[in-house]
Every structure is written in C-alpha cells, then in structure tokens.
Amino acid sequence: MTAPADKGKTEARKCNEAKLASLYEEYYDKIARYAYVRIGDKTEAEDLAGEVFLKALESLKSYKERGTPMQAWLFRIAHNLVVDHLRKATKRKTVPIDTVQIEADVDPAKAAEKNIELERVTKAMEQLTREQREVLRLRFFGGLTSKEAGSILNKSDGSIREMQRAAIEKLRRLLVTDY
Amino acid sequence: MADNFDRILDECIDRINRGQSLEDCLADYPEYVKQLEPLLRAMLQTQGAYSFMPSANAKRGARQHFNAALERLERRHREKQPLWTKLFAQPRVWATVAAAILILVTGFFALRPLLYPIVEAKTGIIEVRVTDAPPEYGITEIWVTILDSEEGVAVHKAGDDGDGVWITIPITEPNPFELLSLQKEDLDTLLATEEVTAGKYTQIRMTIEKVEVKIGDGDLQPAVLPSGKLKFVRPFEVFDGQTTIILLDFDADKSVTVTGGGKVIVKPVVKLSIQQGG
C-alpha cells in the first residue's frame, strides 16, 4: 500500500520515462541534424544526440511541462551540450567545420560541389544574428514548430515567426549574392 | 498583412518539414507565390546543404545505451522501494499479510488518539535557477563552474533546537554553464533541484569553483576569483507538494572587472529572489 503522493510521483515518473522513450525514434535524427549544423562533425553529432537522451533521463526528475513540451526540452539540453562541446573544441583549437568526406561510391565531382555548397550556406548562416540562426536551426533541422521554438527561446510564437521571415529573407539575399 | 504572410510562410515550413512538396504549398497560396517561393527555396537549399542522415548503427547503439540506462534507473527505483512494498508485489505474501495488516490497522486507528498525534512527513521541491544581467568590457562569454560536491549548492533547514541542518541540492544541468547566453536568450536555467522536507529554511549557500571569460573573439581565459563562496541569509518556506524556485540573478556588469593589464577579476554580485511555483 503505497502512499497516494508516492504513487502519484511513481506514475508521473513512469509516464515521463515512457514519453521520453517514445520520442527517441523521431527526435534522435532531428537532434543529430541540429547538432551537426552547429558542430560540423557527423560522428560527434550522432554521439551528442545519444547523449541528449541519456542526460534527459538523468534529469527527468527536474522536467516539468509548464508550457515546454518534452521535445523542446530535449533541444534545450542539446543546446547546452553543443555549447559545452564547442567550448571544449575551442580549447583544443579544433576547426569546427566538417568537410564532406568522399566515400568510395560517390562521384568526387559531386562531392566537391556539395562541399562548396555547404561552405556557401555556412558563410551565409554566419551573417545572421545569433538568435536568427538558432530559430532556423530549430525550425529547419530540429523540425520544431514556432511555438516549440518559442518555448525554448522564451519568445512568443508571433515573434519567432517574424524573426524567421526576416532571417530567411536575409539568408536568401546572401545566397543569391556571389561573395 | 506582414503577420498574415509570416503565418503562411510558417505553415509552409511546417508542411515541408512533414514531407509535403514546395509546389503543394504554393498551389494553396497563389497570391503569395512570388514572395513565398524564393524564401521556401532558400529553406530547401539550406536543408540540402546540411543533408545528413545519422547512420543506423550509431542510432541503434545509442538506443541500446538509452535502454540500458532506463533499465538501470528502473532497477534503482525498485531497490529504493521499502521491503514491504516489494513483498506486496507478490500475490501470495500479499494475501497472507493483508489480513494481519487489516486487523493491525483497525486496532491502530481505534487506539490511535490515545497513543500519539499524527506526524506526517511532507515534502516539496526546491529548484535553484540562475540568470544574469549584461556585462561591459566587450565580454562575450562567461563560463561559471559550480563546485560539484556537497559544498556546491545547499540550503539550511531550520531545526527545532535552533541548530538545523545543511541539505545539498544536486546539480542537474550541464556544469559549467554560459551566463551570457541566458541573458541573450532571455532565459534562466535550472541549476539544481531536490525534493526536500517541507518547512522553514533559513540560508542558501553556493560555491563557485571557477570562472572563465572570453573577451571579444579571444580565447577563454581563467578569471581571478577572490572568493567563490556565496551565502545568503534569507528565510523562506517550502510547502508540501509545491515547488520553491530560488532564482540567483548574477549581475555580470558589477561582478566582472577587467584591469588595465587585461586581467579579469570576478567578484560575484548576485541578487536572490524566491518564487513559489505550483
């Protein structure tokens, strides 16, 4: 006979664990892509995506919905881990931009073209403000809705939409300009 | 008008994220095609440049780690359960013991008022959060590391005898954390949380292990920290079933000084506020 308060807590914990496990399939890929855009290394992005779920499991006790959906909370953890990773990378003096690896069955010319395109888009993204970049990363690569992105950045979905439009307009201008 | 266009663009981005085509979105908004199309193409170009599908092996391996961690956690929770809870999970034992307990409980409640008054352990949750105010001196990053031990973050619970006891609040989020990202993104971040006994608390203490600062585009450099120990004598109460948020607002402007020689000195100036959550 468990006390009702304990039983409620146990049920809430189990419910949150089940919810986190159910998000794994869909959000592992999205978090890995989000991390890749920020750290530029595919293997490390994959490791980091796995780490996000482990960290989330450890911190599940501190998760409370309060308007932040669990998937948005995962991206907040991902953001913190990426920042931590970049800080360590800066200390190690590594270059945080990946080059496209030429695999055996890939046409080298196409791979080189992809590499140039990646550099071009990366340079354009760097011209955006920090907040604009984060909005696009969460929307384009994390696949979050504006409302979910807003819950991470503490902004209304209206201001996320406005920031998003301004960011894409600027990105487009930069991409059509040959620099 | 602009707001309406923002909504349409937003909807098209969601639809493309869900796998619909650019053409399908444009067909629904013929009057906006000229404005929408270049923006959505820029989106697709950006997504295409970073196209990356995590390897099935990496995903499977990470999933196995996650499942193993989940099982370990479940085992830990089971082990934490008192013996009588474990026994009750077994039907035969339950059936045998239930009758005896019924008799004991009935007897207990009948005699309870004569024995002693009700004493129930009530608990609430303490969350320690941090936020900050902007700095000067061209400082672009401030990394704060909280000492990860029982000296890290702790609260003092008042005792009946006047002594009381210090309770450690375990650090839950990535440590160190970058203070200025909180200010730029207008966030506070959860630093530590623990379920504690409801009641009156009198003090909060925190020990900062180190601070590293980045000026402009330079490298991170360790700051001189004359004393990282912060102590607040501030009575507050934790109520049963409620969350009490202790918000530590770092005033980065007043905390950080850069000397003529470029040495960075950090004397933490922190404003504390207590909020009662739900």
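Residues numbered from 1 in each chain as written. Chains lettered and ligands numbered in written order. Predicted model: local features only at pLDDT ≥ 70, side-chain atom pairs only at ≥ 80, totals over all residues.

## Focus: the overall build of chain B
As a reminder, the rule being used: Secondary structure elements follow DSSP: runs of H or I of four or more residues count as helices, runs of E of two or more count as strands, with numbering from the N terminus. We call a residue exposed when 12 or fewer other C-beta atoms sit within 10 Å of its C-beta, buried when the count reaches 20 or more, and partly exposed for counts in between; the C-beta positions come from the backbone. The contact criterion used here is simple: two residues whose C-beta atoms, placed from the backbone, lie within 7 Å are in contact.
Tallying secondary structure elements over chain B gives eight helices and 13 strands in all. For chain B, the residues scored as buried account for 23% of the 278 residues in total. Long-range contacts, defined as pairs at least 24 residues apart, comprise 72% of the intrachain contacts of chain B with a sequence gap of at least 6.

## Considerations on the overall build of chain A
Of regular secondary structure, chain A possesses seven helices and zero strands. When the helices and strands of chain A are placed in sequence order, the string is α-α-α-α-α-α-α. When each of the 179 residues of chain A is scored for burial, the buried share is 38%.

## With respect to the environment of B:Phe232
All names here are of chain B. Assignment of secondary structure puts phenylalanine 232 in strand E9 (residues 229-238). Here phenylalanine 232 falls in the partly exposed class, since 18 other C-beta atoms lie within 10 Å of it. Measuring from C-alpha to C-alpha, the distance between phenylalanine 232 and glutamine 203 comes to 5.5 Å, with 29 residues separating the pair along the chain.

## A short note on the nonpolar core
So the rule is basically this: Here, a nonpolar core means buried Ala, Val, Leu, Ile, Met, Phe, Trp, Tyr and Cys residues linked by C-beta atoms lying within 7 Å of one another.
With 56 residues, the main nonpolar core has A:Ile31, A:Ala35, A:Ala49, A:Val52, A:Leu74, A:Phe75 and A:Ala78 as its most contacted residues. At eleven residues, the largest contribution of residues to this core is made by helix H1 (residues 4-39) of chain A. Within the second largest apolar cluster, 32 residues are counted, among which are B:Met206, B:Val211, B:Ala223 and B:Val256.

## A closer look at the confidence of the model for chain A
The predicted coordinates ought not to be read in detail in places where the model reports low pLDDT. So the rule is basically this: The score called pLDDT rates the predictor's confidence residue by residue, from a low of 0 to a high of 100.
Predicted confidence across chain A gives a mean pLDDT of 84, with 83% of residues reaching 70 or more. This stretch, residues 93-104 of chain A, has a pLDDT under 50; its non-local contacts, to residues over four places away or in other chains, come to 17 contacts.

## Quick look at unusual backbone geometry
Residues and elements named next belong to chain A. Residues other than glycine seldom take positive phi values, yet asparagine 154 does so here, at roughly 55 degrees. Its location among the elements puts asparagine 154 in the loop between helix H6 (146-153) and helix H7 (157-176). Residue classification places asparagine 154 among the exposed positions, given that 12 C-beta atoms sit within 10 Å.

## Examining H7(A)
As a reminder of what qualifies: A helix is expected to span 1.5 Å multiplied by its residue count minus one.
Along its 20 residues, H7(A) runs 28 Å from first to last C-alpha, staying within 8% of the 28 Å computed at 1.5 Å per residue. The set of residues buried in H7(A) consists of A:Ile160, A:Arg161, A:Met163, A:Gln164, A:Arg165, A:Ala167, A:Ile168, A:Leu171 and A:Leu175.

## Some remarks on the interface of chain A and chain B
Defined as follows: Side-chain classes are defined by residue name, with Ala, Val, Leu, Ile, Met, Phe, Trp, Tyr, Cys and Pro counting as nonpolar, Asp, Glu, Lys and Arg as charged, and the others, Gly among them, as polar.
Counting residues at the interface gives 49 residues for chain A, matched by 44 residues for chain B. At the level of elements, H1, helix H2 (42-58), helix H3 (70-92), helix H4 (108-126), helix H5 (130-141), H6 and H7 of chain A are the ones that each hand at least two residues to the side of chain A that touches chain B. When grouped by side-chain class, the residues that make up the side of chain A that touches chain B number 21 nonpolar, eleven polar and 17 charged.

## Re the packing of H5(A) against H7(A)
Residue and element names in this part refer to chain A. For the record, the criterion: Think of each axis as a best-fit line through the C-alpha atoms, taken over the contacting stretch in the case of a helix, with angles from 0 to 180 degrees between the N-to-C directions. Each angle is binned into one of four classes, with values under 35 degrees roughly parallel, values over 145 roughly antiparallel, values of 65 to 115 roughly perpendicular, and all other values oblique.
Following both chains from N to C, one finds H5 and H7 inclined at 100 degrees, their axes separated by 9 Å at the closest point. Comparing their axes, H7 and H5 come out roughly perpendicular. Each of Glu131, Gln132, Val135, Leu136 and Arg139 in H5 lies in contact with H7, whose residues at this interface are Ile160, Met163, Gln164, Ala166 and Ala167. By residue class, the composition of the contact of H5 with H7 is six nonpolar, two polar and two charged.

## A few points about the pairing of strand E2 (residues 139-146) of chain B
As a reminder of what qualifies: Strands qualify as paired when DSSP identifies two bridges or more between them.
Relative to strand E7 (residues 199-215) of chain B, E2(B) runs antiparallel, the two sharing seven bridges. Residue B:Thr145 lies in a different strand from E7(B), and its bridge partner there is B:Lys210.

## What about H5(A)?
Residues and elements named next belong to chain A. Between its terminal C-alpha atoms H5 stretches 16 Å, which fits the 16 Å expected from twelve residues at 1.5 Å a residue. For H5, every residue scored as buried is listed here: Glu134, Val135, Leu136, Arg137, Leu138, Arg139, Phe140 and Phe141. Immediately downstream of H5, the backbone of glycine 143 shows phi near 70 degrees, a positive value.

## Some words on the packing of H7(A) against helix H3 (residues 33-49) of chain B
Angle between the axes and distance between the axes are the two parameters that describe a pair of packed helices. One way to put it is that H7(A) packs onto H3(B) with a least axis distance of 9 Å and a crossing angle of 75 degrees. With respect to H3(B), the element H7(A) is oriented roughly perpendicular. Side by side, H7(A) and H3(B) meet where A:Ile168, A:Glu169, A:Leu171, A:Arg172 and A:Leu175 of the first sit next to B:Pro38, B:Leu39, B:Ala42, B:Met43, B:Gln45 and B:Thr46 of the second.

## Brief notes about the environment of A:Thr43
All names here are of chain A. The residue threonine 43 is located in helix H2 in this model. Threonine 43 gets classed as exposed once you count the C-beta atoms within 10 Å, which come to 12. In sequence terms threonine 43 and alanine 32 are eleven residues apart; their C-alpha atoms lie 9.2 Å from each other.

## Looking at the pairing of strand E10 (residues 243-251) of chain B
In the case of a regular strand, side chains alternate between the two sheet surfaces. All names here are of chain B. By the alternation rule, side chains of E10 split into Thr244, Ile246, Leu248 and Phe250, which are all buried, and Thr243, Ile245, Leu247, Asp249 and Asp251, of which none is buried. With seven bridges connecting them, E10 and strand E13 (residues 270-276) associate as antiparallel partners. Across the sheet, residue phenylalanine 250 finds its bridge partner in E13, namely valine 270.

## Things to note about the confidence of the model for chain B
Residues and elements named next belong to chain B. Mean pLDDT over chain B stands at 79; residues scoring 70 or higher make up 77%. Here helix H5 (residues 83-88) is the element of chain B with the lowest mean pLDDT, 57, and H3 is the one with the highest, 95. Listed scores for the predicted complex are pTM 0.56 and ipTM 0.85.

## Observations concerning the environment of B:Val269
Residues and elements named next belong to chain B. Tracing the sequence through the fold places valine 269 in the loop between strand E12 (264-266) and E13. The spatial distance from the C-alpha of valine 269 to the C-alpha of aspartate 253 is 8.8 Å, given a sequence separation of 16 residues. Valine 269 has contacts with Asp251, Lys254 and Ser255, leaving out every residue within four places of it along the chain.

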